[in-house]
Amino acid sequence: MRIWFNKEVTVTDIKDLGKDTMAEHIGIQWLEIGDNFVKAKMPVDQRTSQPYGLLHGGASCVLAETIGSIGSALVVDHTKFVCVGLEINANHVRSAREGYVTGVAMPLHLGSNTHVWDIKIHDEQKKLVCVSRLTVAVIPRKESYRQTSL
C-alpha cells in the first residue's frame, strides 16, 4: 500500500521542488518514488567534496534531509502542512571520491506531528557510505511560506 497523500504521485511531480534551493545547487536528482520510499542521487564533485577530495559529510546530510523531508511532504496534505527537519544524525561509514551516491529514505514512524526517516546512502558499487536518521516536524502551513506544488 502506498503511504503517500496523493497515491498517484510520481518523480515527475517533484522534479522542480528543489528549484533555486541547496538541492539544486549541489546537483541532487530524483530517481524514484516507491510505495514506501523516496530515492535520489547526488554527484561527488567539487560542490560536494571536502578538501581531501572525499565526499563531505555535510553533503551526505543535505541529501538525507532533502529526501526525508520530501518524503514527509508527500505523506501529508501539502496544502495544509509543511514538513521541516527537526533533528538529523549521520554515521559516515565509508568515503566516496567520484561518481554518484544514492540515498533511499524509508519511514520508521509517521505520526501526526513528527515523522522519523531512515536514510541509507550507497556509492555506485552499492557499498554503504552513510546511515542517517531524520526527525521531521509536521507544522501548519502559513501564508508566508513559499508555495510549492505537490
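1. Focus on the overall build of the protein
Working step 1: Across its full length, the protein carries 3 helices and 6 strands.
Working step 2: Overall, the protein shows an N-to-C arrangement of helices and strands of α-α-β-β-α-β-β-β-β.
Working step 3: In terms of C-alpha radius of gyration, the protein reaches 15 Å, essentially the compact-globule figure of 15 Å for 150 residues.
Working step 4: If you line up the protein on its principal axes, its C-alpha atoms span 45 × 30 × 25 Å.
Working step 5: Each of the 150 residues in the protein was classed as buried or not, and the buried ones make up 42%.
Working step 6: For the protein, the proportion of contacts with a sequence separation of at least 24, taken over those separated by at least 6, is 63%.
Working step 7: Of the roughly 8300 Å² that the protein leaves accessible, carbon and sulfur atoms contribute 52%.
Working step 8: The average position of the 17 basic charges and that of the 16 acidic charges among the side chains of the protein differ by 3 Å.

2. Notes on helix 3 (residues 57-75)
Working step 1: The terminal C-alpha atoms of helix 3 lie 27 Å apart, and with 19 residues this matches the ideal 27 Å at 1.5 Å per residue to within 8%.
Working step 2: Among the 19 residues of helix 3, 15 are classified as buried, and the element is accordingly described as predominantly covered.

3. Quick look at the packing of aromatic side chains
Working step 1: A complete count under the given rule lists 0 aromatic pairs for this structure.
Working step 2: The ring of Y100 carries the charged tip of K41 above its face, separated from the ring centre by 4.2 Å.

4. Points about the pattern of salt bridges
Working step 1: A complete count under the given rule lists 7 salt bridges for this structure.
Working step 2: One salt bridge in this structure joins R2 and D35, with 3.5 Å as the shortest N-O distance. Of this pair, R2 sits in the segment before helix 1 (11-14) while D35 sits in the loop between strand 1 (29-33) and strand 2 (38-43); the two residues are 33 residues apart in sequence, bridging distant segments of the chain.
Working step 3: D35 gets classed as partly exposed once you look at its relative accessible area, which sits at 41%.
Working step 4: For K15, the salt bridge goes to D16, with nearest N and O atoms at 3.5 Å. In this structure, K15 and D16 share a single accessibility class: exposed.

5. Some details on the environment of K127
Working step 1: As for its placement among the helices and strands, K127 is situated in the loop between strand 5 (114-122) and strand 6 (128-140).
Working step 2: In this structure the C-alpha to C-alpha distance between K127 and A96, which are 31 residues apart in sequence, comes to 9.6 Å.
Working step 3: Apart from the residues within four sequence positions on either side, K127 is in contact with R94, I121 and H122.

6. A short note on the environment of G57
Working step 1: Within the secondary structure layout, G57 lies in helix 3.
Working step 2: Accessibility expressed as a relative area gives 23% for G57, which makes it partly exposed.
Working step 3: The sequence separation of G57 and P140 amounts to 83 residues, and the corresponding C-alpha distance is 31 Å.

7. A word on the sheet that holds strand 1
Working step 1: Judged by pairing direction, the sheet is antiparallel, and its 6 strands sit side by side in the order 1-2-4-5-6-3 without closing on themselves. Each edge of the sheet is formed by a strand with only one pairing partner; in this case those strands are strand 1 and strand 3 (81-92). Within the sheet, the average angular offset between the axes of one strand and its neighbour, ignoring direction, is 25°.
Working step 2: Here strand 4 (residues 100-110) pairs with strand 5 via 8 bridges, running antiparallel. Counted as the bridge partner of M106 is D118 from strand 5.

Calculation rules
Within any chain, residue numbers begin from 1 and follow the written order of that chain's sequence. Under the rules for a predicted model, residues below a pLDDT of 70 receive no local features and side-chain atom pairs below 80 are neither given nor counted, while totals for whole chains, interfaces and linings still include all residues. Think of the side-chain values as coming from all heavy atoms in the structure, minus any hydrogens and water. Each helix corresponds to a stretch of at least 4 residues labelled H or I by DSSP, and each strand to a stretch of at least 2 residues labelled E; elements are numbered beginning at the N terminus. Radius of gyration here is computed from C-alpha atoms only, and the compact-globule reference equals 2.2 Å multiplied by the residue count raised to the power 0.38. Think of it in three bands: with a 1.4 Å probe and only protein chains considered, a residue is buried below 20% of the maximum accessible area for its type, exposed above 50%, and partly exposed in between. Whether two residues touch is decided by their heavy atoms; if any such pair falls within 4.5 Å, the residues are in contact. Computed with a 1.4 Å probe, the accessible areas rest on the Shrake-Rupley method; for each residue, only the protein chains presented here act as cover. Positive: Lys, Arg. Negative: Asp, Glu. His and the chain ends are not part of the count. We put the charge of a Lys on NZ, of an Arg on CZ, of an Asp on CG and of a Glu on CD. Expected span of a helix: the number of residues minus one, times 1.5 Å. Centre distance within 6.5 Å is the pairing criterion for rings of Phe, Tyr and Trp, where only the six-membered ring of Trp is used; planes under 30 degrees apart are then read as stacked, over 60 as edge-to-face, and the remainder as tilted. Either the NZ atom of lysine or the CZ atom of arginine qualifies as a charge over a ring when it sits within 6 Å of the ring centre and within 35 degrees of the ring normal. For salt bridges, the criterion is a side-chain nitrogen of Lys or Arg within 4 Å of an Asp or Glu carboxyl oxygen. Pairing between strands is defined by DSSP: at least two bridges between them are needed. Comment: axis = line fitted to C-alpha atoms, over the contacting stretch for helices; angle = value between 0 and 180 degrees taken between N-to-C directions.

Limitation: the analysis is restricted to geometry and does not speak to function.
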